[in-house]
Amino acid sequence: MGDRVSEPELVLVFSGKRKSGKDYVTDLLLDRLGSDVCCVLRLSGPLKQQYAQEHGLDLAQLLGSGLYKEQYRSDMIHWGETRRSQDPGFFCRLATRGAQQPVWVVSDARRLSDLQWFWSEFPRQTRCVRVQSSEQTRKQRGWSFTTGVDDAESECGLDSGVEFDWIITNEADAPSLDKQLQPILKLAMEAASSSSTSRSS
Ligand SMILES: Nc1ncnc2c1ncn2[C@@H]1O[C@H](COP(=O)(O)OP(=O)(O)O)[C@@H](O)[C@H]1O
Ligand SMILES: C[C@@](O)(CCOP(=O)(O)OP(=O)(O)O)CC(=O)O
């Protein structure tokens, strides 16, 4: 692709139900790895940007985790699906454009077509990670079941048929996130060091 200056060494594609903690966990990875090594890419970023522009909405609020986004979620899903039906890789391409770090953390895959895009572009580098939390925990974080959202592909598209490389349980009584993320952090640090070796030689 024309905009890509260098290939990533590792692409960690995260998915999980809303309020499972995808943003929280991927932000933690960024914190542990640092922004020279790692960037967090959100497929919903370019989607929200264009949706906000076309509908005259507040992008900052759509990017946040409050109620504003929830008011528009169902319509945003349909709007994004129209784009994806014409070009399934549309948001994946936009979200990864210009990313230069050796480790890419994609925070919000939702559909098989998202995973297929990464597997086909970066077959050697792509790994899939699921973040899971119980419904009770998600409710404590503000989730409530919404028909048309929680029973649609946007939330259920990766519920089955994918063999995840890692499953992270984001619950108070689970092992700490740092502990669960250890094998991922190890792989990411190896990827970063092999990238700095190949870039300096
Ligand atoms: N392990 C955790 N400890 C404390 N707060 C958490 C944890 N995981 C998620 N949260 C909080 O729960 C809310 C939903 O998490 P978020 O990462 O936005 O979920 P998602 O991106 O999957 O919708 C946020 O306010 C976040 O800060
Ligand atoms: C229209 C969306 O992209 C909105 C996604 O918004 P977020 O990624 O912010 O959602 P959660 O973190 O799960 O709460 C969904 C889609 O189907 O593409």
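Cut-offs applied
- Residues numbered from 1 in each chain as written.
- Chains lettered and ligands numbered in written order.
- Predicted model: local features only at pLDDT ≥ 70, side-chain atom pairs only at ≥ 80, totals over all residues.
- Heavy atoms only, no water.
- Near = heavy atom within 4 Å.
- Areas by Shrake-Rupley, 256 points an atom, 1.4 Å probe, with all protein chains shown as cover.
- Helix = DSSP H or I, 4+ residues; strand = E, 2+ residues; numbered from the N terminus.
- Nonpolar A, V, L, I, M, F, W, Y, C, P; charged D, E, K, R; others polar.
- Core = buried A, V, L, I, M, F, W, Y, C linked by side-chain atoms within 4.5 Å.
- Buried < 20%, exposed > 50% of the residue type's maximum accessible area, 1.4 Å probe, protein only.
- Expected span 1.5 Å × (residues − 1).
- Bend = angle between axes of the 7 residues up to and from the residue.
- Contact = heavy atoms within 4.5 Å.
- UniProt positions renumbered as here; feature names shortened; annotations may be inferred.
- Polar contact = N/O pair within 3.5 Å; in protein donor to acceptor, adjacent residues only side chain to side chain.

Draft legend 1. Focus on the site of ligand 2. Taken together, 15 residues are adjacent to ligand 2, and Lys22, Lys48, Lys69, Arg73 and Ser154 come closest. Burial of ligand 2 by the surrounding chains reaches 95%, relative to a free accessible area of 460 Å². Looking at the shell around ligand 2, the elements that each hand over two or more residues are α1 (22-33), α2 (44-55) and α4 (67-86). Across the shell around ligand 2, the residue classes break down as 3 nonpolar, 2 polar and 10 charged.

Draft legend 2. Layout of the nonpolar core. If you look at the biggest cluster of nonpolar residues, it comprises 23 residues, and the most contacted ones within it are Leu12, Leu29, Val103 and Leu181. Counting 19 residues, the second largest nonpolar core, distinct from the first, contains Val11, Leu43, Ala95 and Val106.

Draft legend 3. Layout of α4. Taking 1.5 Å of rise per residue, the 20 residues of α4 would be expected to cover 28 Å, and the 30 Å separating its terminal C-alpha atoms lies within 8% of that figure. Approximately 50° is the largest bend angle found in α4, and it occurs at arginine 73. Listing the buried residues of α4 in full gives Tyr68, Lys69, Arg73, Met76, Ile77, Trp79, Gly80 and Arg84. Looking at the buried side of α4, the elements it contacts are α2, α3 (59-63), α5 (90-96), α6 (112-121) and α8 (153-156).

Draft legend 4. Geometry of the UniProt feature "binding site: substrate" (unreviewed entry) in the chain. Sequence positions flagged by UniProt for "binding site: substrate" (unreviewed entry) are, in local numbering, Asn170. One can find asparagine 170 in the loop between β5 (166-169) and α9 (177-200). Residue contacts for asparagine 170: discarding those within four places in its chain leaves Ser20, Gly21, Val25, Val131, Gln132, Ser133, Thr137, Arg141 and Leu177. For asparagine 170, the side chain forms a polar contact with the main-chain oxygen of serine 20, separated by 2.8 Å.

Draft legend 5. Up close: the UniProt feature "binding site: ATP" (unreviewed entry) in the chain. Look at the UniProt record and you will see "binding site: ATP" (unreviewed entry) annotated at Lys17, Arg18, Lys19, Ser20, Gly21, Lys22, Asp23, Arg141 and Gln180. Looking at the element boundaries, arginine 18 is found in the loop between β1 (10-15) and α1. Those residues in contact with arginine 18, other than ones at most four positions away along the chain, are Glu70, Arg73, Arg138, Trp143, Ser144, Thr146, Val149, Asp150 and Glu155. Within the secondary structure, lysine 19 is located in the loop between β1 and α1. We classify lysine 19 as partly exposed; its relative accessible area is 22%. A distance of 3.1 Å separates a polar side-chain atom of lysine 19 from the backbone oxygen of serine 65.

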